[in-house]
Amino acid sequence: MNKNIVELAQGAYKYCRPGIINIPTNSLMARFIPPKVEAIAKSCPQTQIIINLSLDGLGQNHDKIRGVPGNFKKFEYTLEALKTLSEQYPNLAIGIHTVISKFNVDHALEIFDYAFAKAPGAFITEIAEERVELDTIGLDITPLPQDYSRVIDDLIRRIKNEKYLGIAAITQAFRVQYYNLVKRILVEKTQVIDCYAGWASAQIYANGDVWPCCVRADNILNLRDVNYDFKEVWFSAEADRIRRSIYQKECYCPLANASYTNMLHNYAIMGKVAWKVVLASFLQRALQQGSEQTSSKLIRGESM
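About the thresholds
- Residues numbered from 1 in each chain as written.
- Predicted model: local features only at pLDDT ≥ 70, side-chain atom pairs only at ≥ 80, totals over all residues.
- Heavy atoms only, no water.
- Salt bridge = Lys/Arg side-chain N within 4 Å of Asp/Glu carboxyl O.
- Helix = DSSP H or I, 4+ residues; strand = E, 2+ residues; numbered from the N terminus.
- Buried < 20%, exposed > 50% of the residue type's maximum accessible area, 1.4 Å probe, protein only.
- Phe/Tyr/Trp six-rings, centres within 6.5 Å; stacked < 30°, edge-to-face > 60°.
- Lys NZ or Arg CZ within 6 Å of the ring centre and 35° of its normal.
- Pairing = 2+ DSSP bridges.
- Right-handed = clockwise from strand over helix to strand, strands pointing away.

Draft legend 1. Fine view of the pattern of salt bridges. Tallied over the entire structure, the rule returns 16 salt bridges. Where Arg 150 meets Asp 147, a salt bridge forms, and the shortest distance between an N and an O atom there is 3.7 Å. One end of the pair, Arg 150, and the other, Asp 147, are both in helix α6 (residues 145–161), 3 residues apart, so they sit about a helical turn from each other. Given a relative accessible area of 42%, Arg 150 falls into the partly exposed group. The partly exposed category is assigned to Asp 147, whose relative accessible area is 23%.

Here it is, written out as structure tokens:
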């Protein structure tokens, strides 16, 4: 929806060379999205471009939650158009992203059915939560712990039943750990693992404010006030104060972006992910060996 999205992506590519540029879309501007995405993918060849399409329900349920009649049809048009583009550009990946809220938790399983049929390796979910960034503080949008656990356990089962290999195996192993973390956070109402927001991650808001995360949205300093010197913000007294608050667990949340960073700093979770990846690698090797043996027997004319 940003008229300059192509130029913004090209600027990031030129000056920062990021490994990944991830852009979400509500698919409303369906006619404009494919050409803009193609322009980004074409002009940023060394960066992985990920476009995540928001999906809150199927058909009229999606339109009702989004408040826009016809949104689901635009979603489907955009999905197919971008999937076609991804066949032309190896650096372009398409995903489906669902926020599980009180409004769609009872229909989550049918969303999973649809998403796994369309993009089984590229479906992700987050839980609806109160964020300063989204102006949702005080809104009753988070599903009950028991309702979330019921549907997310089904999603975990589906992921485990799929045979993911390579990078996909690593990605899905982290997603399973994240989903289990969210279940615990909803019940225990505390940081289940240490949070490194403000140390290992941060967010720069549109007006230049630097936050440790978008849930608390504590404004450390504004980049415009320090001549865009990020170090002056990051090593300020206010940054230290906010970090102490986070360290003392004065907040907790299931924010996905921060959680994935936190998991990279947790030995127990990294061990579980590594074990899953090793198993996936072993399975891949076994399948390859089995295929080679079968081919060899067929060539020699031996009985199976």
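Draft legend 2. Looking closely at the packing of aromatic side chains. Under the defined criterion, the tally for this structure stands at 9 aromatic pairs. Look at Phe 116 and Phe 123: their rings are 6.1 Å apart centre to centre, the planes differ by 70 degrees, and that puts the pair in the edge-to-face class. In this pair, the class of Phe 116 matches that of Phe 123, namely buried. The rings of Phe 72, Phe 75 and Tyr 114 are connected pair by pair, giving a single aromatic cluster. A cation sits over an aromatic face here: Arg 17 above Tyr 13, 4.3 Å from the ring centre. Positioned above the aromatic ring of Trp 234, the side-chain terminus of Arg 243 is 4.7 Å from the ring centre.

Draft legend 3. Representation of unusual backbone geometry in the model. Look at Arg 17: it is not a glycine, yet its phi comes out positive at around 45 degrees. In this structure, Arg 17 sits in the loop between α1 (5–16) and β1 (20–25). The exposure class assigned to Arg 17 is exposed, which follows from its relative accessible area of 52%.

Draft legend 4. Quick peek at the pairing of strand β2 (residues 48–54). Burial runs high along β2: 5 of the 7 residues are buried. Bridging between β1 and β2 involves 6 bridges; their strand directions are parallel. Note that in β2 the partner of Ile 21 across the bridge is Ile 49. Of the crossover connections in this fold, the one passing from β1 over helix α2 (residues 33–43) to the parallel β2 is right-handed. With 6 bridges joining them, β2 and strand β3 (residues 92–100) adopt parallel strand pairing. Bridge pairing in β3 places Ile 51 opposite Ile 94.

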